[in-house]
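The residues making up each chain are set out below.
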Amino acid sequence: MTEDPDSNEDVAVAKTIANHTYQQLRRDIVSGVLAPGTKLRMDMLIKRYGVGMSPLREALVKLTGDALVHAEGQRGFWVSPISIEELDDTMAIRTLIETEAVVRSIENGGPEWEERVRQAYETLSSLEERLSENDEGVLAQWERANAQFHEALVSACGSAWLVRLRRTLHQHSERYRAISLANRPAGRDVHDEHEAIAEAALSRKSLRASRLIEVHLQRTADAVREAMRARAEETAPPKGKRRQPAR
């Protein structure tokens, strides 16, 4: 029985459309265009992204795997909520996973791993010099380079599960990191943090690299927590006044 080339082509096109829709939705969720807790109505999404029901559902299911969207039975999909409690939980578990994976990579990694870390750091460093431009395109490139740098660090850990869990936690924390980037605290130099981590890893100083990553992730969590509290205060009603119930 011969395969139908037209059928194979249709499947490939459908997967391309679904992946493109996934990338668009993911970008809008991470950036906050689709706010936490938003009901993702299918009619609205079809109109917004110009796609059919099938690729849209495929994209939404993939986003549930990233913990960026959650489904409630037959009721539909929502953008996952964010909270300080979940931020702390996410970053604490990510720290455990990532530090263990980096230590193993330093122990197991060879010349190819070193070159991957070095190249990832150089790419990230060149973009960090341009973050002050406040250009959305540069920020998007930096996000990708940042993900590739952290992934390079753990790529020789020898555990597919560690790599997979770290990537999932990294993806879920991107929404929180976007908040910290929009509200960068004075006195923090992320470039210096990345440089120190890269140097420690390439020098095979596993304890130092592990500690630097722990501090790096904690500083990000602290910056996000401060930004979230500031936002909550901005949207809170003035003291002494209560919100009037909707009529």
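As a reminder, the structure under discussion sits directly above these lines.
What you are looking at is a predicted structure, and each value in this text was computed from that prediction instead of being measured. (Residues numbered from 1 in each chain as written. Predicted model: local features only at pLDDT ≥ 70, side-chain atom pairs only at ≥ 80, totals over all residues. Heavy atoms only, no water.)

Novice: Let's hear about the pattern of salt bridges: which residues, and what values?
Specialist: Counted by the stated rule, this structure contains 17 salt bridges. One salt bridge connects Asp-28 with Arg-48, and the closest N-O pair in it is separated by 3.5 Å. In this pair, Asp-28 sits in helix H1 (residues 5-31) while Arg-48 sits in helix H2 (residues 42-49), placing the two residues 20 residues apart along the sequence. Here the residues in one salt-bridge network are Arg-94, Glu-98, Glu-151, Arg-166 and Arg-167, joined through shared partners. (Salt bridge = Lys/Arg side-chain N within 4 Å of Asp/Glu carboxyl O. Helix = DSSP H or I, 4+ residues; strand = E, 2+ residues; numbered from the N terminus.)

Novice: Describe the packing of helix H6 (residues 136-154) against helix H8 (residues 190-202), naming the residues involved and giving the relevant values.
Specialist: Two elements in contact, H6 and H8, have axes separated by 11 Å at closest approach and are oriented at 25 degrees. Looking at the two axes, H6 sits roughly parallel to H8. Helix-helix and strand crossings are classified by hand; for H6 and H8 the assignment is left-handed. Of H8, the residues touching H6 (which contributes Trp-142, Asn-146, Phe-149, His-150 and Leu-153) are Val-190, His-194, Ile-197, Ala-198 and Ala-201. Class assignment for the residues of the contact of H6 with H8 results in seven nonpolar, three polar and no charged. (Axes fitted to C-alpha atoms, helices over the stretch in contact; angles between N-to-C directions. Parallel < 35°, antiparallel > 145°, perpendicular 65-115°, else oblique. Left-handed = near helix turned anticlockwise from the far one by under 90°. Contact = heavy atoms within 4.5 Å. Nonpolar A, V, L, I, M, F, W, Y, C, P; charged D, E, K, R; others polar.)

Novice: Give me the lowdown on the packing of aromatic side chains, citing residues and values where you can.
Specialist: Going through the model one piece at a time under the given rule, you end up with one aromatic pair. Ring centres of Tyr-121 and Phe-149 lie 6.2 Å apart, and the angle between their planes is 55 degrees; on these two criteria the pair is classed as tilted. Of this pair, Tyr-121 sits in helix H5 (residues 111-128) while Phe-149 is found in helix H6, placing the two residues 28 residues apart along the sequence. Phe-149 carries the same exposure label as Tyr-121, and that label is buried. Between Lys-62 and the ring centre of Tyr-22, over which it is positioned, the NZ or CZ distance is 4.3 Å. Between the NZ or CZ atom of Arg-164 and the centre of the ring of Trp-161, over which it lies, the distance is 4.7 Å. (Phe/Tyr/Trp six-rings, centres within 6.5 Å; stacked < 30°, edge-to-face > 60°. Buried < 20%, exposed > 50% of the residue type's maximum accessible area, 1.4 Å probe, protein only. Lys NZ or Arg CZ within 6 Å of the ring centre and 35° of its normal.)

Novice: So what's going on with the packing of H5 against H6? Residues and values would help.
Specialist: It is at 9 Å that the axes of H5 and H6 come closest, and there the two elements cross at 155 degrees. The orientation of H5 relative to H6 falls into the category roughly antiparallel. Crossing hand, H5 versus H6: left-handed. Of the residues in H6, those touching H5 at Trp-113, Arg-116, Val-117, Ala-120, Tyr-121, Thr-123, Leu-124, Leu-127 and Glu-128 are Val-138, Gln-141, Trp-142, Ala-145, Asn-146, Gln-148, Phe-149, Glu-151, Ala-152 and Leu-153. By residue class, the composition of the contact of H5 with H6 is twelve nonpolar, four polar and three charged.

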